Every structure is written in structure tokens, then in C-alpha cells.
Amino acid sequence: MLFYVVLLLLGVGAYYYHFTANRKKIIERLEVVAQRRRDDLAKNVEETRRIADKLDPKRRDYIGGLDFLQLQNELQKGTVTCVEAVRTYFHKAILAHEKTNAVTCFILEADQQAEELDEKAKQASYVKPPMFGVPLSLKECLKLKGYDTTRGFVQDAYRPATEDSIQIEHYKKLGLIPFCQTNVPQSLLSYNCSNPLFGTTTNPFDSTRTCGGSSGGEGALIGGRGSIIGIGTDVGGSVRIPCHFTGTAGIKPSKMRFAHRGGGASVPGKPMIDANDGPMAQDVKANVEFLRNVWGDIDFQSDRDPYCPPVHWNESLYSSEKKLRVGYYIDDGWFTPTPALQRAVLESKKHLENAGHTVIPFYPPRLTKVMQLYFRAVCLDGGQYVLNKLLKDIIEPTIRFQVTLWMVPTWVQRILSYPVSLVFPRMAVLMQSLTRDTFELREAYADIEAYREEYVGMMMKDDLDVILCPASVMPAPQHDIPSKVVSGVSYTCLYNLLDFGAGVVPVTTVSKSDEEKLINEYPETDKWYQTVKKATIGAIGMPIGVQVAAPPFREEAVLRTMREIELAITGK
Ligand SMILES: CCCCCCCC/C=C\CCCCCCCC(=O)NCC(=O)O
């Protein structure tokens, strides 16, 4: 017996030695690559600055002060040139990048593309596309020919995409000029924004706090006024959470509204959790104008990807005079949001009521079950795909907590969940979420299908057009918090599980009385609540958004509601 125990211990020891020696070698090699990539970025920023500085600062200030529609209009009229627009945003993005570390690469050829467009515009026969010359920032994971899409993995640096994705091709055809790529959290499966290649992107309003993720670089850049419009991706909130954290507006459309051929994903092959790309901008108006043009010309995408149905922009749904019926909630029953987030929903409710809409309570059913289904379906192989990639890379410290969760075998998590349930029931629910086998996975898929039917059934029963609810559980927290509170995505991931269109519009900022309420009334019943409460103290002044969602192909109703809230708040 002793012999076998010694043999086992020797085996484990040898494996551990081999594993750590191998990891050390990988890390040493990748650290050289990461340093080289960062040095290249520093040179790239300086070259961009040289180009941006060719534009007269007075002109730059004027163009930089235009909003999306004004810039689009001046470019159409020819009173602003494409070169001027690109150089202005090169300059503004450098400023925002210096503050937040949002950019992973400036696309220098944007300047040349702008020159070419300006040349074309001189020809009398040339018809300008609708978004002629508007500079566009892109989340780093989007496939752009000639540029890396690392998703924060050092191992994927210097492996540029060989083609544009269909969506990028389309945006270029509509006249947009991609001018920079923006930072993401390693693996994209997080709502912070840090990786070992490009480092941490910070919130433009407070550098000790995260800009959110995974489209965090976009949030920081747009919130920091370094881009007028950008594209993010969202599988659990990655467009909507950064919008909420940085005071910007964006929407994740339902999956089928864009072509996905040639695109990338954080975890390929997860059929029931629907991700999509989506625009992010300084206001809702820009999102509307962008999607009106993209969906107005959606045949471009459908012709190249038959899985993308040719569903055109529905102007009558967006501009309808018919009053809306809105279901709202301020607490999903899984994770009570901090007071400012609840207040934002109640204020939005008032704005909608003042505009003549009917707003009634709505109770999303069984969120505890939803959280289990979401984590089971998003980590459908128990997290193995992401873990395999991470183990071949330098692991980002701010996601180490969730990496540890993925490393503990499922059966161990299940056994431990029983004692844990006695002191921390919500954690125990998640410990039972990663799948043991395909039987459980099939069951989860069937449950998601049934849940979708139940949810839309409830909306139909009350004749609801859209749902209004919080965008998250808290305002932007410190950089390490998202990994410790992965369960805080309940307000957003629900609408990926349902495949609804869902957007976020900025509504308010955290006030002193929100903080007092937080201190006196916010629950402290478990570790997650304690962490959220602690992270939210000191967040006075941080932006707060609300979320609007509607079933697939009704994104125009979502945008209409968001726009009405925006109009009521900003008056423009
Ligand atoms: C014991 C607990 C087991 C649960 C393990 C959970 C590990 C965390 C896994 C996933 C976290 C998901 C968070 C999602 C954040 C938003 C991600 C997103 O939208 N990404 C965009 C994209 O992938 O394109």
C-alpha cells in the first residue's frame, strides 16, 4: 500500500514539476513578445501623432466639437474633408488613450483611405455613401485585414487577420473609416478590461475604476471623447456594461441581425448563448443613424452570408406614434442593484410616463435558474476551451479568480457546493452550474428554449413592447472586482440567453444620497453583496445607465425607447 502511495506522490510531484517548468518557459518567451508589441504600440502612437499634428488645431477643435450627425452632415456637404475628420479623431483618441490606455493599435492607413475618399468626392459622378468619412473605432477582436485580433492572448500577437469580416467590409462600403483598435480583457469573458499584452484600460471618469468589458477599450475611448462611434461585441453584457460604466450609449442586437461569417468569438460553438456585435457611441442618436444605414443596406451582408436574414431597418417601428407598453423592474430577484441603478430605472419610468407611455411592473421569472443555465451554456465545455488557451499564455491577474473556478474539476465543485450552500447559497448555485456531461447540457438547452417561450409569453400576455431595467448591479467598480463578482452580469446576460435586442442609455450619475442609501440600506448578506457595497462606496459622480430590451427583430423599438429617455434627459 505504502509503495503505491509513494508512487502516486512521485507521479504527482513529477507532473507538477514538469507543468511549472513548462509554464515558466512559456511565460518567459511570451513576455518578450508582449514587450515588443507594447514597444510597437508606442511607436505607432508617435507616428499617429505626427499625422494628427498636420491639422490646424483651430480646425481640429471645431471638428472635434461636432456630434455624430453634425459631422456626418458636414462630410456629406464637403465642408469637412475625410482627412480632417480622421486627423481630428487621431488627435482626440491619442488624448483619451494617454488617459485610459484604450487603444491597442492606430490604423495609420486610415489617413490614406481618407485621402482617397476625398479624391473620389471630387468627381462629379461620385455618390457619397451615407457615412462618408466618419471615423470608426473597432474592438480589437473584430477581424480587420492586416491587423491582430488577439483577444488579449499574447500567443496571438503578430498573427494578423487575412480578411475583413463581412461586417467590417460593409462598414467600409458605407463610408466609415476604421481608425483604431481598442483594448479587451483577456479571453473576452469578463467585464473588466485588462490583459498581459496591452495592460489595463481605465475608466475615463476615475482611473482606479474599470471602464467595463469586454468592449472596455471602446467604452473608455468613446466615454473619453476619443471616438464618435465604435463597434463592440456582447455575449453577456460586453457592449452594455461598458456603456453603463462610461456614460455612453450602445446596443446589442439579436443574433440574426448581422452576418457572422468571417467573424470571431470568445468561445466558438455555443449555440444557445447568442452573441452579437453592436455599435457604441456618445448618444443614442448616433446608434440610430448608424443602424438605420447598416440595416437599410443589410442585403450586402445577407448576400455574403445566407444565414443573415435580409431584415431591413423598420422605420415604422422606430417612428411609430403608437404609445408603448413598457414592463419594468428594479430588482431581478438574483442580485439587488445599488441604489443609483434603481433610481435610474424609476426616473426613466417617469420620463416614459410623461411622454404618454404605459409602464407596468414586470417580474423576470427564476433568475437563479437563469444564472445556472447561462454559465452552463456559455462555458458549455466546463470552461475547457478558454482554459486551454489561458494555460498556453501569461494569465492576466485580474481574471485569476474565475480562472481558478474553471480549474477546479466539476465534480469537486458539486461536492463542495453542499457545505457552501449553508453559508453562501448564491455561490453554491454557480458551483453547480458547470456541466458534468452532455446529458446535463442537452437538458440546459431544452430549459433555455422553454424559458424563452415562457418569457415572451409573459410579455405577450401584458402586451408589452419593451422591458426597462437596470444595466448592471453597480456603477464602475475597481479593476479586480468583475472577476470576483461574475454573477453580477445577471441584468445583461439574461438578454443573451433570450437573444433579445438590448441597449443601454446614460441616465444619471451616482449622487450623495445614493451613497447614503447604499451605506444604510444595501444588503450585506453574502460576500458578493459585501464586495459590491465596498466597491460602490466612493463612486459619487460615476455614470449610470438603464437597459431597454425587446424580443428579436424589434431593435427599432428598443432604440425608440432609448431615444425617448435620452431626449427627456438631455433635451436634444
Ligand atoms: C464556481 C463557479 C463556476 C462559474 C464559472 C464562471 C466563470 C466565469 C465565466 C464566464 C463569465 C462570463 C462573464 C460575461 C461577461 C461579458 C462577456 C462578454 O459579453 N464578452 C463578449 C464576447 O465574448 O464577445
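About the cut-offs
- Residues numbered from 1 in each chain as written.
- Predicted model: local features only at pLDDT ≥ 70, side-chain atom pairs only at ≥ 80, totals over all residues.
- Heavy atoms only, no water.
- Salt bridge = Lys/Arg side-chain N within 4 Å of Asp/Glu carboxyl O.
- Buried < 20%, exposed > 50% of the residue type's maximum accessible area, 1.4 Å probe, protein only.
- Helix = DSSP H or I, 4+ residues; strand = E, 2+ residues; numbered from the N terminus.
- Pairing = 2+ DSSP bridges.
- Arc of directions from axis to C-beta.
- Polar contact = N/O pair within 3.5 Å; in protein donor to acceptor, adjacent residues only side chain to side chain.
- Contact = heavy atoms within 4.5 Å.
- UniProt positions renumbered as here; feature names shortened; annotations may be inferred.
- 1 Å grid on protein atoms, 1.4 Å probe; cavity = no way out; pocket = protein on both sides within 12 Å on 5 of 7 lines; lining within 4 Å.
- Axes fitted to C-alpha atoms, helices over the stretch in contact; angles between N-to-C directions.
- Patch = residues over 30% accessible without salt bridge, like charges linked within 9 Å, V, L, I, M, F, W, Y side chains within 5 Å.
- Areas by Shrake-Rupley, 256 points an atom, 1.4 Å probe, with all protein chains shown as cover.
- Core = buried A, V, L, I, M, F, W, Y, C linked by side-chain atoms within 4.5 Å.
- Domains from an automatic or database assignment.

Q: Honestly, the pattern of salt bridges in this entry has me stumped. Any pointers?
A: Any two side chains of opposite charge can pair, on the condition that their charged atoms come close. Under the defined criterion, the tally for this structure stands at 37 salt bridges. In this structure, the salt-bridge partner of Asp156 is Arg159, at a minimum N-O distance of 3.2 Å. According to the relative accessible area criterion, Asp156 is buried, its value standing at 9%. Of the residues examined, Arg159 reaches a relative accessible area of 53% and is grouped as exposed. Measuring nitrogen to oxygen at the nearest pair gives 2.8 Å for the salt bridge that ties Glu524 to Lys533. The class of Glu524 is partly exposed, set by a relative accessible area of 48%. We classify Lys533 as buried; its relative accessible area is 8%. Put simply, Arg376, Arg414, Arg436 and Glu440 are held in one network by salt bridges that share partners.

Q: Got a minute to help me understand the pairing of strand β3 (residues 177-182) in this structure?
A: Each regular strand carries side chains that alternate between the two faces of the sheet. Of all the 6 residues making up β3, 6 are buried; the element is thus mostly covered by neighbouring parts of the structure. Bridge analysis of strand β1 (residues 103-106) against β3 gives 3 bridges, and the strand direction is antiparallel. Paired with Val103 across the bridge in β3 is Thr182. Where strand β2 (residues 135-139) meets β3, 5 bridges bridge the pair, whose relative direction is parallel. Of the residues in β3, the one forming a bridge with Ser137 is Cys180.

Q: Where do I start with helix α21 (residues 512-521) in this structure?
A: It helps to recall that an α-helix has 3.6 residues per turn; residues three or four apart then point in one direction. Among the residues of α21, Asp514, Glu515 and Leu518 are the ones counted as buried. Projection of α21 onto a plane perpendicular to its axis shows the buried side chains occupying an angular sector of 100°, all on one side. Of the exposed residues in α21, the ones pointing more than 90 degrees away from its buried face are Lys512, Asn520 and Glu521.

Q: It is not clear to me how the side chain of His170 should be interpreted in this structure. Could you clarify?
A: If you trace the backbone, His170 turns up in helix α6 (residues 166-173). Accessibility expressed as a relative area gives 0% for His170, which makes it buried. Looking at His170, its side chain comes within polar contact range of the side chain of Gln301, at 2.9 Å. With residues near it in sequence (within four places) discarded, His170 still touches Val294, Asp297, Ile298, Phe300 and Gln301.

Q: Is there a simple way to explain the UniProt feature "binding site: substrate" (unreviewed entry) in the chain in this structure?
A: Per the UniProt record, "binding site: substrate" (unreviewed entry) is found at Leu188, Ser214, Val235, Gly236, Gly237 and Ser238. Despite a sequence span of 51 residues, these residues sit close together in the fold, their greatest C-alpha distance being 10.7 Å. Filtering the just-named annotated residues for those lining the largest cavity gives Leu188, Ser214, Val235, Gly236, Gly237 and Ser238. Position of Gly236 among the secondary structure elements: in the loop between β8 (229-234) and α8 (240-246). Among residues more than four places away in sequence, those in contact with Gly236 are Ile241, Tyr374, Val489, Thr492, Cys493 and Asn496. The exposure class of Ser238 is buried, given its relative accessible area of 6%. Beyond its immediate chain neighbours, meaning those up to four positions away, Ser238 contacts Lys139, Leu188, Ser190, Gly213, Ser214, Ser215 and Thr233.

Q: Sorry, what's going on with the pairing of strand β14 (residues 501-509) here?
A: With respect to burial, β14 is a largely interior element, 7 of its 9 residues being buried. The pairing of strand β9 (residues 249-252) with β14 spans 3 bridges and is antiparallel. What sits directly across from Gly250, in β14, is Val504. Inspection of the sheet shows β14 paired to strand β15 (residues 543-550) by 8 bridges, in the antiparallel sense. Residue pairing in the sheet places Gly501 in a bridge with Ala550 of β15.

Q: Explanation requested: the environment of Phe205 in the structure shown.
A: Relative to the elements of secondary structure, Phe205 occurs in the loop between β6 (202-203) and β7 (206-210). The exposure class assigned to Phe205 is partly exposed, which follows from its relative accessible area of 46%. Sequence separation between Phe205 and Gly541 is 336 residues; the distance between their C-alpha atoms is 8.3 Å. Not counting chain neighbours up to four residues away, the residues in contact with Phe205 comprise Gly223, Thr246, Met542 and Pro543.

Q: Looking at this model, I keep getting lost on the sheet that holds β14. Mind explaining?
A: Strand pairing in a sheet takes place through backbone hydrogen bonds and is either antiparallel or parallel in direction. Reading across the sheet, the 11 strands line up as β1-β3-β2-β8-β10-β9-β14-β15-β13-β11-β12 and stay open at both edges, with mixed pairing between neighbours. Looking at which strands have only one partner, the edges of the open sheet turn out to be β1 and β12 (358-361). Averaged over all pairs of adjacent strands, the angle between strand axes in this sheet comes to 25°, irrespective of strand direction. Relative to strand β13 (residues 466-470), strand β11 (residues 325-328) runs parallel, the two being bridged by 3 bridges. Residue pairing in the sheet places Tyr328 in a bridge with Leu468 of β13.

Q: Help me understand a nonpolar patch on the surface in this model?
A: Where nonpolar side chains cluster on the molecular surface, the patch consists of Met1, Val5 and Leu9 and spans about 350 Å² of accessible area. Its place among the elements puts Met1 in the segment before α1 (2-52). Under the relative-accessibility criterion, Met1 is labelled exposed at 77%.

Q: What exactly am I supposed to notice about unusual backbone geometry here?
A: Trans is the prevailing form of peptide bonds, just as negative phi is the prevailing case for residues other than glycine. A cis amide bond, omega 5°, links Gly213 with the succeeding residue Ser214. Position of Ser214 relative to the elements: it lies in the loop between β7 and α7 (216-223). Positive phi values are uncommon outside glycine, yet Arg151 reaches one of about 55°. Note on placement: Arg151 falls in the loop between β2 and α6.

Q: Help me understand the nonpolar core in this model?
A: General note: in soluble globular proteins, nonpolar side chains tend to be found buried as a group. Ranked by internal contacts, the top residues of the largest apolar core, which has 167 residues, are Tyr455 and Tyr495. Per element, the largest residue contribution to this core is 9 residues, and it comes from helix α4 (residues 82-100). Split by domain, this core shows at least three residues from each of two domains, domain 1 (40-313) and domain 2 (327-380 + 435-571). With near-sequence residues (within four places) excluded, Tyr495 lies in contact with Arg240, Lys252, Tyr329, Tyr455, Ile467, Cys469, Phe500, Ala502, Gln547 and Ala549. The next biggest cluster of nonpolar side chains, apart from the first, holds 6 residues, and it includes Ile222, Val239, Met280 and Ala471.

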